[in-house]
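Inside the fold
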Amino acid sequence: MASGGRIVIVGASLAGLRAAQTLREEGFDGTITVIGAEPHLPYDRPPLSKEALAGTMPDEEVYLPLGALDADFRLATRATSVDLGERSVALDSGQTVSFDRLVLATGAHPRSLSGLPDLEGVFFLRTLDDCLAIRARLTPGCRVVVVGAGFIGSEVAATCQGLGLDVTVVEALPVPMVRGVGELVGRRCARLHADHGVRLQLGVGVTGLAGDHRVEAVVLADGSVIPADVVVIGVGVTPATEWLAGSGLDLENGVRCDRWCRALSGGEAVAGVVAAGDVARWENPLFGEVMRVEHWTNAAEQGRAAALTLLHGQEAPVFDPVPYFWSDQYETKIQFVGRVGPDVRVVDGSLDDDRFVVAYGSEGRIVGALAFSRPARLMAYRSMIARRDTFPDAV
Amino acid sequence: MRVVVDFDKCTSNAVCMAVAPEVFEVRDDGYLYILQEEPPDALRPKMEDAVRQCPTGAISVEG
């Protein structure tokens, strides 16, 4: 059954698309059905908080090139459950789709804040439609409050500042981006906002929103009130696994997978079922760690890796990447390879400069590196991490 | 095989340089330089990797 048969891919974003493209490149000649909850063909998400939000990228350029891909896209269609015994996926249209092999690539949903009223002018940013709805509200003179200083929040703040808008970022933790880059670099990221006139309210949570139908202000835990015409909430995502409850798959903050991206059930790989992208939590042998990565490059590479596993089983390479992400904020290109580790050392430039490189170590081994506007120098660390070089010798 | 970069799309992420430093070089001036426009066929898998991994889809391979 290596070739031919029916492959169903649930999720029509980057991971699902790359899986479909890889299957065809490898000569798979059966049917491919791609189920997408959104009404759009696959598009690229990174521009949604940057050029697409600013309106400097033509809307059609946000779509990913499909080429001559032979696949049946079922868009605006949500998968509601999977029956691994019957080998079928149920859809919200009432139909079911049968499969021989299955790719789970449903991504993630934005996390919400509990207890906030439903007001106009309050947005999450995950989809193209979210981006267009926010953009329509970014009129000259409007006051933007961004809740959450992670990647999405920080990029939205930078983009809105670039549009000449009045921007405040509220973050419950004392340091921005701390989960992604650690405390030292997180503090440097705080300065990046401050240097551009964006106000930061750190270490204080949001307790409420004021306004009748339309938001007028954000209320913080310390009692302060920040006037707002537009509120964008970016407080992280949760993997989209709700539809897999009761399927028998191991769900632990994502679809638990082995090193070939094969979905597990009771700790055993399920034949012909793989997962990729934001929804997949897999064992990365390079780090000996079970991880879930919410970035573009991982979705692209894991979509491909999962497809290779479907076709070649354990003959396919294990999926052992050095994770990579980038974030463009103001004029700074922030790039990261690997993982954050407890040992941090500045290896190029200084944190007082606009450009520098920082390396992260853990247990005597280099596990990560981050750069501000030093792309070439950063990439040298990617191979050191892949080679498991020692820290601090490598740096 | 010819490597083509759309410099309107390239944002110098240097992912291509990590994949194939013998072909792609981002210098300290922040720009990407192509070291071999027609790399030998042995480099084809690396070129395909660079095409796939480029975050802005700026690289293509002709021939």
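Fair warning: this is a prediction, and the values are worked out from it, not measured in the lab. (Residues numbered from 1 in each chain as written. Chains lettered and ligands numbered in written order. Predicted model: local features only at pLDDT ≥ 70, side-chain atom pairs only at ≥ 80, totals over all residues. Heavy atoms only, no water.)

The next thing to look at is the packing of aromatic side chains. Summed over all chains, the structure comprises eight aromatic pairs over all chains. Relative to Phe319(A), the ring of Trp282(A) has its centre 5.1 Å away and its plane inclined at 40°; by these criteria the two rings are tilted. Highlighted residues: Trp282(A) in strand β21 (residues 280–284) and Phe319(A) in the loop between α6 (296–312) and β23 (324–329), separated in sequence by 37 residues. For the pair Trp282(A) and Phe319(A), a shared accessibility class is recorded, and that class is buried. Among the aromatic side chains, those forming a connected cluster through ring pairs are Phe151(A), Phe325(A), Phe336(A) and Tyr360(A). Sitting above the plane of the Tyr33(B) ring, Arg27(B) keeps its charged end 3.9 Å from the centroid. (Phe/Tyr/Trp six-rings, centres within 6.5 Å; stacked < 30°, edge-to-face > 60°. Helix = DSSP H or I, 4+ residues; strand = E, 2+ residues; numbered from the N terminus. Buried < 20%, exposed > 50% of the residue type's maximum accessible area, 1.4 Å probe, protein only. Lys NZ or Arg CZ within 6 Å of the ring centre and 35° of its normal.)

Let us now look at the packing of helix α1 (residues 14–25) of chain A against α6(A). Residue and element names in this part refer to chain A. Direction vectors running N to C along α1 and α6 enclose 40°, while the axes themselves pass 7 Å from each other. By the angle class used here, α1 and α6 are oblique. In the crossing of α1 with α6, the sense of the turn from one axis to the other is right-handed. Note on element contacts: α6 touches α1 through Trp296, Ala299, Ala300, Gly303, Arg304, Ala307, Leu308 and Leu311, opposite Leu14, Ala15, Arg18, Ala19, Thr22, Leu23 and Glu25. Looking at side-chain class alone, the contact of α1 with α6 contains ten nonpolar, two polar and three charged residues. (Axes fitted to C-alpha atoms, helices over the stretch in contact; angles between N-to-C directions. Parallel < 35°, antiparallel > 145°, perpendicular 65-115°, else oblique. Left-handed = near helix turned anticlockwise from the far one by under 90°. Contact = heavy atoms within 4.5 Å. Nonpolar A, V, L, I, M, F, W, Y, C, P; charged D, E, K, R; others polar.)

The next subject is a negative patch on the surface. A contiguous patch of negative charge, built from Glu60(A), Glu61(A), Asp6(B) and Asp8(B), is present on the exposed surface. Mapped onto the fold, Glu60(A) is located in the loop between α2 (51–54) and β3 (72–74). (Patch = residues over 30% accessible without salt bridge, like charges linked within 9 Å, V, L, I, M, F, W, Y side chains within 5 Å. Areas by Shrake-Rupley, 256 points an atom, 1.4 Å probe, with all protein chains shown as cover. Salt bridge = Lys/Arg side-chain N within 4 Å of Asp/Glu carboxyl O. Lys, Arg positive; Asp, Glu negative; His and termini not counted. Charge placed at Lys NZ, Arg CZ, Asp CG, Glu CD.)

A separate point is the domain arrangement of chain A. Residues and elements named next belong to chain A. By domain assignment, chain A separates into domain 1 (6–109 + 238–315), domain 2 (112–235) and domain 3 (331–386). A separation of 30 Å is found between the C-alpha centroids of domain 1 and domain 3. Listed per partner, the contact involves four residues of domain 1 and six residues of domain 3. Linking domain 1 to domain 3 there are one salt bridge. Between Glu289 and Arg339 there is a salt bridge, with the nearest N and O atoms lying 2.8 Å from each other. Counting the contacts that link domain 1 with domain 3 gives two residue pairs in polar contact (both at pLDDT 80 or more). Each residue belonging to the side of domain 1 that touches domain 3 can be placed in one class, and the counts come to three nonpolar, no polar and one charged. (Domains from an automatic or database assignment. Polar contact = N/O pair within 3.5 Å; in protein donor to acceptor, adjacent residues only side chain to side chain.)

Residues and elements named next belong to chain A. Across the sheet, three strands lie side by side as β4-β5-β6; this open sheet has antiparallel pairing. In the strand order of this sheet, the two ends are held by β4 (79–83) and β6 (96–98), each with one partner. Looking at each pair of strands side by side, their axes are set apart by 20° on average, direction ignored. By the bridge criterion, four bridges tie β4 to strand β5 (residues 88–91) in an arrangement that is antiparallel. Its bridge partner being in β5, Asp83 is matched across the sheet by Ser88. (Pairing = 2+ DSSP bridges.)

Take the interface of chain B and chain A next. If you look at the interface, chain B gives 13 residues, while chain A gives 17 residues. In total, chain B and chain A occlude about 1300 Å² of area from one another, counting both sides; carbon and sulfur atoms represent 49% of this. At the boundary of chain B with chain A, the tally comes to two salt bridges. Ionic pairing is found between Asp28(B) and Arg377(A), a salt bridge with its closest N-O pair at 2.4 Å. Contributions of two or more residues to the side of chain B that touches chain A are made by α1 (15–19) and α2 (44–53) of chain B. When residues in the side of chain B that touches chain A are grouped by element, the largest group, three residues, is from α1(B). Across the side of chain B that touches chain A, the residue classes break down as seven nonpolar, four polar and two charged. (Buried area = accessible area lost by both parts, 1.4 Å probe.)

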